[in-house]
Amino acid sequence: MRHGQTELNKMNRYTGNLDYALNKEGIKQCLEAKKIVETLNIKTVYSSTLLRAKQSVSLVTDIKPVYLKGLEERDFGNMTGKIKPRYFKNFFQNGESNYLFRTRAKRALLKMVLNDSLVVSHSRVYKAICELLGLGKTKIQNGEIVKFCEISKNNWQITKEI
């Protein structure tokens, strides 16, 4: 699940590792997502340590989360807080390189058991996990829940729950 909307998301800005709270729309998105989460057999919850993810978890489930720093959004360096222009390679000066970011996401992925788990994180982490599982680049909206299914050994697919 991607965290609910923040004001920076609404303004189409790179939030990165800024610790923004959910806005009213983000709270509404999480309360809608809770209806879906309640129908799932969730045993474990993993979450980013950033406030917007923590708030999202508290709104969708009573299960105590396992916080993983590896699930935090990418550090966008000088672009953090700025409007999102078109992305170019090596664009995020003083930020986290794509290699370091993907390595961090992979380490977090290896710490998690995906079966019957809810992972609450950020759009770039979601994209990195999709790429690591061989699913290519996909998008996820604020408050959206997706399900990763291993249909055969190392063959994954995504189904959207919301």
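Along each chain, residues carry numbers from 1 onward, in the same order as the chain's sequence is written. Under the rules for a predicted model, residues below a pLDDT of 70 receive no local features and side-chain atom pairs below 80 are neither given nor counted, while totals for whole chains, interfaces and linings still include all residues. With hydrogens and water stripped out, all remaining heavy atoms of the structure feed into the side-chain values.

Quick look at the overall build of the protein now. Tallying secondary structure elements over the protein gives 5 helices and 5 strands in all. The numbering of helices and of strands both runs from the N terminus, where a helix is a DSSP run of H or I of at least 4 residues and a strand a run of E of at least 2. Shown N-terminal to C-terminal, the secondary structure of the protein runs as helices and strands in the order α-α-β-α-β-α-β-α-β-β. Every radius of gyration here is taken over C-alpha atoms, with the globule rule written as 2.2 Å times N^0.38, N being the number of residues. Relative to a compact globule of 162 residues, whose C-alpha radius of gyration would be 15 Å, the protein shows 15 Å and is just as compact. Overall, the protein is about 40 × 40 × 25 Å in size when its C-alpha atoms are taken along their principal axes. The proportion of buried residues among the 162 residues of the protein is 44%. When the accessible surface of the protein is split by element, carbon and sulfur atoms take 50% of a total near 9,100 Å². Positive charge is attributed to Lys and Arg, negative charge to Asp and Glu, and no charge count is given to His or to the chain ends. Note that the charge is assigned to NZ on lysines, CZ on arginines, CG on aspartates and CD on glutamates. If you average the places of the 29 positive and of the 15 negative side-chain charges in the protein, the two averages end up 6 Å apart. For every residue, the accessible area obtained with a 1.4 Å probe (protein chains only) is divided by the maximum for its type, and the residue is called buried under 20%, exposed over 50%, and partly exposed between those limits. Only the protein chains shown count as cover for residues, and all accessible areas are computed by the Shrake-Rupley method using a 1.4 Å probe.

Here we take up the packing of aromatic side chains. Stacked, tilted and edge-to-face pairs are distinguished by plane angle, under 30 degrees for stacked and over 60 for edge-to-face with tilted covering the rest, among Phe, Tyr and Trp rings (Trp via its six-membered ring) whose centres lie within 6.5 Å. In total, this model carries 4 aromatic pairs according to the counting rule given. A centroid spacing of 5.1 Å and a plane angle of 85° characterise the contact between Tyr14 and Phe92, whose relative ring orientation is edge-to-face. Of this pair, Tyr14 sits in the loop between helix 1 (7-10) and helix 2 (24-37) while Phe92 sits in the loop between strand 2 (66-67) and helix 4 (98-111), and the two are 78 residues apart along the sequence. Of the two residues examined, Tyr14 and Phe92, each falls in the buried class.

Bringing the pattern of salt bridges into the picture now. Salt bridges are defined as contacts in which a side-chain nitrogen from Lys or Arg sits within 4 Å of a carboxyl oxygen from Asp or Glu. In this structure the tally under the stated criterion is 6 salt bridges. Between Arg104 and Glu96 there is a salt bridge, with its nearest N and O atoms 2.8 Å apart. For the pair formed by Arg104 and Glu96, the shared burial category is buried. In this structure, Glu131 and Arg124 form a salt bridge, with 3.9 Å as the shortest nitrogen-oxygen distance. Of the residues examined, Arg124 reaches a relative accessible area of 15% and is grouped as buried. Taken together, the shared-partner salt bridges connect Arg102, Arg124 and Glu131 into one network.

What follows deals with the confidence of the model for the protein. On a range of 0 to 100, pLDDT expresses the predictor's confidence in each residue. A residue-level look at the protein finds 96% of positions with pLDDT of 70 or above and a mean pLDDT of 91. Ranking the elements of the protein by mean pLDDT puts strand 5 (residues 155-160) last with 83 and helix 3 (residues 51-60) first with 98.

This brings us to the nonpolar core. The term nonpolar core refers to a set of buried residues drawn from Ala, Val, Leu, Ile, Met, Phe, Trp, Tyr and Cys, joined through side-chain atoms within 4.5 Å. Formed by 14 residues in total, the largest nonpolar core has its most connected members in Tyr46, Leu71, Met112 and Ile129. Mapped by element, the contributors of at least two residues to this core are helix 4 and helix 5 (123-132). With 4 residues, helix 4 is the single largest residue contributor to this core. Here, two residues are considered to be in contact whenever any of their heavy atoms come within 4.5 Å of each other. Residues within four places of Leu71 in sequence aside, it is in contact with Tyr46, Ser47, Ser48, Arg104, Ala108, Met112, Val119, Ser121, His122 and Val125. One finds Ala33, Ile42, Val57 and Leu118 within the second-largest nonpolar core, a separate group that totals 13 residues.

Before going further, it helps to examine the packing of helix 4 against helix 5. Pairs of packed helices are described in terms of their axes, by the angle between the two and the distance that separates them. Viewed as axis vectors pointing N to C, helix 4 and helix 5 meet at an angle of 75°, and their least axial separation amounts to 9 Å. For the element pair helix 4 / helix 5, the angle class is roughly perpendicular. Each of Asn98, Phe101, Arg102, Ala105, Lys106 and Leu109 in helix 4 lies in contact with helix 5, whose residues at this interface are Arg124, Val125, Ala128, Ile129, Glu131 and Leu132. Here the contact of helix 4 with helix 5 is built from residues that sort into 7 nonpolar, 1 polar and 4 charged. Lines fitted to C-alpha atoms define the axes, with helix axes restricted to the stretch in contact, and inter-axis angles between N-to-C directions lie between 0 and 180 degrees. Throughout this description, any angle smaller than 35 degrees is read as roughly parallel, any larger than 145 degrees as roughly antiparallel, any in the 65 to 115 degree range as roughly perpendicular, and the remainder as oblique. In this count, Pro and Cys sit with the nonpolar residues alongside Ala, Val, Leu, Ile, Met, Phe, Trp and Tyr, while Asp, Glu, Lys and Arg are called charged and the others, Gly among them, polar.

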